[in-house]
Amino acid sequence: MKQIRKTYKDLNPELLLAEIREFVVAMGMKITSSKQETYLLPDDSANFGTRGTLVFANADGSKKECLRVHIVGSITEETKLLIDVENDCFEEEKLASLQQDVDFIFGSRESRRD
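Report follows, based on the coordinates. (Residues numbered from 1 in each chain as written. Predicted model: local features only at pLDDT ≥ 70, side-chain atom pairs only at ≥ 80, totals over all residues. Heavy atoms only, no water.)

## Re the overall build of the protein chain
Argument step 1. Tallying secondary structure elements over the protein chain gives 2 helices and 6 strands in all.
Argument step 2. With the principal axes as the frame, the protein chain shows a C-alpha extent of 45 × 25 × 20 Å.
Argument step 3. Within the protein chain, the fraction of its 114 residues that count as buried is 36%.
Argument step 4. Per element, the accessible surface of the protein chain, about 6,500 Å² overall, is 49% carbon and sulfur.
Argument step 5. Charge separation in the protein chain, taken as the distance between the mean sites of 16 positive and 21 negative side-chain charges, equals 3 Å. (Helix = DSSP H or I, 4+ residues; strand = E, 2+ residues; numbered from the N terminus. Buried < 20%, exposed > 50% of the residue type's maximum accessible area, 1.4 Å probe, protein only. Areas by Shrake-Rupley, 256 points an atom, 1.4 Å probe, with all protein chains shown as cover. Lys, Arg positive; Asp, Glu negative; His and termini not counted. Charge placed at Lys NZ, Arg CZ, Asp CG, Glu CD.)

## Some remarks on the pairing of strand 4 (residues 67-73)
Working note: regular strand, side chains alternate between the two faces of the sheet.
Argument step 1. Alternating positions in strand 4 separate cleanly, Leu67, Val69, Ile71 and Gly73 being buried on one face and Arg68, His70 and Val72 remaining unburied on the opposite face.
Argument step 2. Looking at chain direction, strand 3 (residues 48-58) and strand 4 are connected through 7 bridges and run antiparallel. When the sheet's bridge partners are listed, valine 55 is paired in strand 4 with arginine 68.
Argument step 3. As judged from the 7 bridges shared by strand 4 and strand 5 (residues 78-85), these two strands associate in the antiparallel manner. For isoleucine 71, the partnering residue across the bridge sits in strand 5 and is leucine 81.
Argument step 4. A loop of 4 residues connects strand 4 with strand 5, the two strands running antiparallel in sequence. (Pairing = 2+ DSSP bridges.)

## Comments concerning the pairing of strand 5
Argument step 1. Here 8 bridges tie strand 1 (residues 2-9) to strand 5, and the two strands are oriented antiparallel to one another. Residue pairing across strands places threonine 7 opposite lysine 80, the latter belonging to strand 5.

## Comments concerning the pattern of salt bridges
Argument step 1. For the structure shown, the criterion picks out 8 salt bridges.
Argument step 2. Glutamate 37 is the partner of arginine 51 in a salt bridge, and the nearest nitrogen-oxygen pair spans 2.9 Å. Of this pair, arginine 51 sits in strand 3 while glutamate 37 is found in strand 2 (residues 29-40), placing the two residues 14 residues apart along the sequence.
Argument step 3. Accessibility expressed as a relative area gives 31% for arginine 51, which makes it partly exposed.
Argument step 4. Given a relative accessible area of 24%, glutamate 37 falls into the partly exposed group.
Argument step 5. As a salt-bridge pair, aspartate 88 and lysine 64 come within 2.4 Å of each other at their nearest N and O atoms. Of the two residues, aspartate 88 sits in the loop between strand 5 and helix 2 (92-106) while lysine 64 sits in the loop between strand 3 and strand 4, which places them 24 residues apart along the sequence.
Argument step 6. For lysine 64, a relative accessible area of 37% translates into the label partly exposed. (Salt bridge = Lys/Arg side-chain N within 4 Å of Asp/Glu carboxyl O.)

## What about the side chain of glutamate 110?
Argument step 1. With respect to the helices and strands, glutamate 110 occurs in strand 6 (residues 110-113).
Argument step 2. For glutamate 110, a relative accessible area of 14% translates into the label buried.
Argument step 3. Apart from the residues within four sequence positions on either side, glutamate 110 is in contact with Lys6, Thr7, Tyr8 and Asp103. (Contact = heavy atoms within 4.5 Å.)

Distances and angles like these do not, on their own, reveal function.
Shown next as structure tokens:
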């Protein structure tokens, strides 16, 4: 298994979740699980945090989990992205393409490379 970690500043986690969903579906993967939750942050009653999870499998009917995406953050704080990749069902070329797309769209918001 391979893992990708990124941290962003001033980025809406819901936007990041939506864009990654679109990128991966366009690669021929299907969503097998999708969850998004919003939480009130304890230090600011006007600010919310978002937690999202996406799970993908190949569109060939297989139920094997190939990619799991975790996003946690808020618009005014950091947003963290964690992608777990199963090497045997998500090709290295697709992973490189996904990373290039994410970096092109959100690279200017990345606060540090993990």
